[in-house]
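# Examining the three-dimensional arrangement
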Amino acid sequence: MRDSSQWEPTSYRTHTIGQIVSEGASLVGEEVSVAGYAETIRGRGAICFIMLRDGTGHIQAFLKKDNMNPEIFDLIQSSTRESTVQVTGLVAQKRPPKVAEGEPMPSPEYEINVTSGEILAEAATPLPVGIIDDVKIGLDIRLDNRHLDLRRSHVNAMFQLRSKVLQYGREHLIKEGFMEMNSPKIIASASEGGTNLFPMMYFDTPAFLSQSPQLYKQLAVLGGLERVFEIGPAFRAEKHDTYRHLNEFISFDIEGAWMNDEDVMGVQERMIHHIWSSVYENDQSLIDVINEYKVSQGENTITVEVPELPFPRIPYSEAIEIVKSGGGEIEWGDDIESHHCDLIAAKYPGFHFLPRWPMSMKPFYIYHNKNEKSDSGGQLSRGFDLNYGRDEMTSGGQREHRVDVLEQNLRDMDLNPEDFTFYTDGFRYGAPPHAGWGLGVARLLMVLTGAGNVREVVLFPRDRTRVTP
Ligand code: AMO
């Protein structure tokens, strides 16, 4: 549950439920007001027990008709599960349960003896998604009702973890001197290839939704910001229908001056190490909530294993040999597809970098040195991927900072340098060698939480068939 020890009172509550649960001993006999969802409402006649839940915990509210306005008592008692309720009353220690001799006493629990209350909003029935009942419902219905799905504790825990991952990632990059930036999401030209852009009209001018902050993070570095990062949406009009592709995803990007591919791989592995060790140290309670659910469903539980540094580096050419020796069909110059990655993952199941891709496989902005060739003579680039098992987490690389080579790359890839002058002009007046990467946040979350589908860890996913809610 969330640590709410520092939360200030609001107009609706003097305390969070979490504060009462953890500080109960010092609050016994004190009047408090809390607000939450009525998870269960039990009792008939003149007494009633409500299990109240807010974002920080659960507490039992005990209502007795004699102790409060009887009309309000009746209203609350007959209200529906998940209605929002505000109650005021005195904190009391619950009667301790009977334990067998020699058994340790459980830690004390607290409840609220209610003296007044109010229904803030009555919940309609039936609930389309059960909150505490173990009813099997498909992902689509859950996503249609994400507002309710989120009230389920393991789903809630997933999104708390997501926020932590972003927090720890940010924290680490700031420590390494990166500053946060924001790039435009309405753009005029593609960075990652022209076919998967969403077109739009920008007043009278045709424009697109941004596929990546790529060109802008580079311009920021060329302009002297030196080390930047951005966490923002990227849009891809790809007609995928897989467990790991969405048409809108959050890309976690960095770009740094005076750095090459190896330097930014170092930043990446240190950041992931920091994220994993911070979750390991601070957030086991969230992992426990997710595991409790997994156990109830007969699924494998997850453990947070902090990866060792450095992550293995398997150059592209070596990866091709691993795939071939594993029986996979692939040639130098081909893309490494998921089924090939399975063969590599058999040897390297955790995080591993795949550096030194063929230049022909990489975008125009990736750096290549004419002298770096594969054994078969293929031109190598300074582009890399980071994979975990079969899934790609990140692409990155050193960037081309020589404007003449950059323009030639555009022409070689059938792109018109005229369409990119806003970008190439940034290289005309002195450009530092630089490098960076873009990490798919949801893919990283899949690894951490053991989610089998990227939609599990995205609040309101956008795929080919879903634009609402
Ligand atoms: P790339 O296109 O490989 O590289 O994207 C970077 C990372 O973003 C994630 N990703 C996706 N996640 C969900 N759904 C999708 N459709 C999707 N597409 C990509 C992946 C991927 O590794 N500009 C470069 C990055 C760079 O070089 O800095 C880029 O965008 O995890």
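First, a word on scope: everything that follows refers to the structure included in this document.

Cut-offs applied
Residues numbered from 1 in each chain as written. Predicted model: local features only at pLDDT ≥ 70, side-chain atom pairs only at ≥ 80, totals over all residues. Heavy atoms only, no water. Helix = DSSP H or I, 4+ residues; strand = E, 2+ residues; numbered from the N terminus. Expected span 1.5 Å × (residues − 1). Polar contact = N/O pair within 3.5 Å; in protein donor to acceptor, adjacent residues only side chain to side chain. Axes fitted to C-alpha atoms, helices over the stretch in contact; angles between N-to-C directions. Parallel < 35°, antiparallel > 145°, perpendicular 65-115°, else oblique. Left-handed = near helix turned anticlockwise from the far one by under 90°. Contact = heavy atoms within 4.5 Å. Nonpolar A, V, L, I, M, F, W, Y, C, P; charged D, E, K, R; others polar. Buried < 20%, exposed > 50% of the residue type's maximum accessible area, 1.4 Å probe, protein only. Pairing = 2+ DSSP bridges.

## Quick look at helix α7 (residues 261–282)
For the α-helix, the turn length of 3.6 residues means that residues three or four positions removed from each other point alike. Look at α7: 31 Å from first C-alpha to last across 22 residues, which is about the 32 Å you get at 1.5 Å a residue. Capping of α7 at its N-terminal end is provided by N260; its side-chain oxygen lies 3.1 Å from the backbone amide nitrogen of E262.

## Points about the packing of helix α5 (residues 153–175) against helix α13 (residues 441–449)
The interhelical angle for the contact between α5 and α13, taken along N-to-C directions, is 120°, at an axis separation of 11 Å. When the interaxial angle is binned, α5 and α13 end up oblique. The way α5 lies across α13 gives a crossing that is right-handed. Contacts between α5 and α13 pair M158, L161, R162, V165 and L166 from the former with V441, A442, L444, L445, L448 and T449 from the latter. Across the contact of α5 with α13, the residue classes tally to 9 nonpolar, 1 polar and 1 charged.

## Considering unusual backbone geometry
Residues apart from glycine generally show negative phi values, whereas peptide bonds are mostly found in trans. The linkage connecting T125 with the following residue, P126, adopts the cis geometry, with an omega of -10°. Among the structural elements, P126 can be located in the loop between β5 (110–121) and α3 (139–144). Here the bond from L309 into P310 is cis, since omega is -10°, no more than 30 degrees from zero. Checked against the element boundaries, P310 lands in the loop between α8 (284–296) and α9 (316–325). Its identity is not glycine, yet W258 carries a phi of approximately 60°, on the positive side. Positionally, W258 belongs in the loop between β11 (248–257) and α7. Although it is not a glycine, R356 sits at a positive phi angle of roughly 60°.

## Overview of the pairing of strand β4 (residues 84–93)
For β4, the tally of buried residues reaches 7 of 10 residues, placing the bulk of the element in the interior. Across 7 bridges, strand β1 (residues 31–42) lies against β4 in antiparallel orientation. Across the sheet, residue A35 finds its bridge partner in β4, namely Q86.

## With respect to the packing of α7 against α13
Interhelical geometry of α7 versus α13 gives an angle of 40° and a closest axis separation of 12 Å. Classified by the angle their axes make, α7 and α13 are oblique. Handedness of the crossing formed by α7 with α13: right-handed. Every residue of α13 that contacts α7 at I272, I275, W276 and V279 is listed here: L444, V447 and L448. Split into classes, the residues belonging to the contact of α7 with α13 amount to 7 nonpolar, no polar and no charged.

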